[in-house]
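Each chain is listed here by its residues.
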Amino acid sequence: GQRMVPLLDMAQHSFEPNIDYITSPSSDSVVVKSIRDLKAGEELTLEYANELTKDEFFIVFGFVPVMTTAIQLQSAKKQQQQNALDDYSRWCKSKSSKGGTWIKRGDNYAFFNQRQ
């Protein structure tokens, strides 16, 4: 569920955040980590919630975030890339179910159809 975390709640919202956090309900703790190198004195920013509509965001956080055109384009590009990966994943699963083999080399995968 949602909860307030003292000091972490003071981080500003950004669509390009520089920190993220992980909660551990079992130890009732929060671990904050940087997403990239930070400069001394740089403001810490979080992406409050990317799955909310503007109306829901306003109700929860009391303001509506403004996306710049550059961020909107970047977000659209990420969505297109994810859609392409999802399509490829579905294609791979359909091929795997027909008797092929996946081989991993480094970070790359290759599919070999043994029934040709």
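Residues numbered from 1 in each chain as written. Predicted model: local features only at pLDDT ≥ 70, side-chain atom pairs only at ≥ 80, totals over all residues. Heavy atoms only, no water.

Points about the overall build of the protein chain
Broken down by element type, the protein chain carries 2 helices and 6 strands. Element order for the protein chain, N to C, with α for helix and β for strand: β-β-β-β-α-α-β-β. When the 116 residues of the protein chain are sorted by exposure, 14% land in the buried category. Per element, the accessible surface of the protein chain, about 9700 Å² overall, is 53% carbon and sulfur. (Helix = DSSP H or I, 4+ residues; strand = E, 2+ residues; numbered from the N terminus. Buried < 20%, exposed > 50% of the residue type's maximum accessible area, 1.4 Å probe, protein only. Areas by Shrake-Rupley, 256 points an atom, 1.4 Å probe, with all protein chains shown as cover.)

Focus on a nonpolar patch on the surface
On the surface, F58, I59, V60, F61, F63 and V64 cluster together into a nonpolar patch covering about 540 Å² of accessible area. Residue position: F63 is located in the loop between α1 (54-61) and α2 (69-96). The class of F63 is partly exposed, set by a relative accessible area of 33%. (Patch = residues over 30% accessible without salt bridge, like charges linked within 9 Å, V, L, I, M, F, W, Y side chains within 5 Å. Salt bridge = Lys/Arg side-chain N within 4 Å of Asp/Glu carboxyl O.)

Re the side chain of H13
Secondary-structure assignment places H13 in strand β1 (residues 12-13). A polar atom in the side chain of H13 sits 3.1 Å from the backbone nitrogen of Y48. In this structure H13 touches L46, E47, Y48, F57, F63 and P65, once residues within four positions along its chain are discounted. (Polar contact = N/O pair within 3.5 Å; in protein donor to acceptor, adjacent residues only side chain to side chain. Contact = heavy atoms within 4.5 Å.)

Focus: the packing of aromatic side chains
Applying the stated rule across the entire model yields 1 aromatic pair. Geometrically, the ring pair formed by Y48 and F63 is edge-to-face, given 6.1 Å between the ring centres and 70° between the ring planes. Here F63 lies in the loop between α1 and α2 and Y48 lies in the loop between β4 (45-46) and α1, a separation of 15 residues in the sequence. (Phe/Tyr/Trp six-rings, centres within 6.5 Å; stacked < 30°, edge-to-face > 60°.)

Here we look at the confidence of the model for the protein chain
For the protein chain, per-residue confidence averages 76 on the pLDDT scale, and residues scoring 70 or more make up 72% of the total. For the protein chain, the element scoring lowest by mean pLDDT is strand β6 (residues 108-113), at 62; β4 scores highest, at 90. (pLDDT = per-residue confidence, 0-100.)

Concerning the pattern of salt bridges
Any two side chains of opposite charge can pair, so long as their charged atoms come close to each other. With the rule as written, the count across this model stands at 1 salt bridge. When the shortest N-O distance is used, the salt bridge between R36 and E42 registers 2.5 Å.

Some points on the nonpolar core
Counting residues in hydrophobic clusters, the biggest one holds 5 residues: V5, L8, A11, I19 and L46. Once residues within four sequence positions are removed from consideration, A11 is found in contact with I19, L44, L46 and Y48. (Core = buried A, V, L, I, M, F, W, Y, C linked by side-chain atoms within 4.5 Å.)

Concerning the side chain of N18
Along the polypeptide, N18 turns up in the loop between β1 and β2 (19-24). There is a polar contact of 2.8 Å between the side chain of N18 and the backbone nitrogen of T45. Those residues within four positions of N18 in sequence are excluded, and the remaining contacts are K33, S34, I35, R36, L38, E42, E43, L44 and T45.

Quick notes on a negative patch on the surface
On the surface, E47, E51, D55 and E56 cluster together into a patch of negative charge. When you line up the elements, E51 lands in the loop between β4 and α1. With a relative accessible area of 60%, E51 lands in the exposed category. (Lys, Arg positive; Asp, Glu negative; His and termini not counted. Charge placed at Lys NZ, Arg CZ, Asp CG, Glu CD.)

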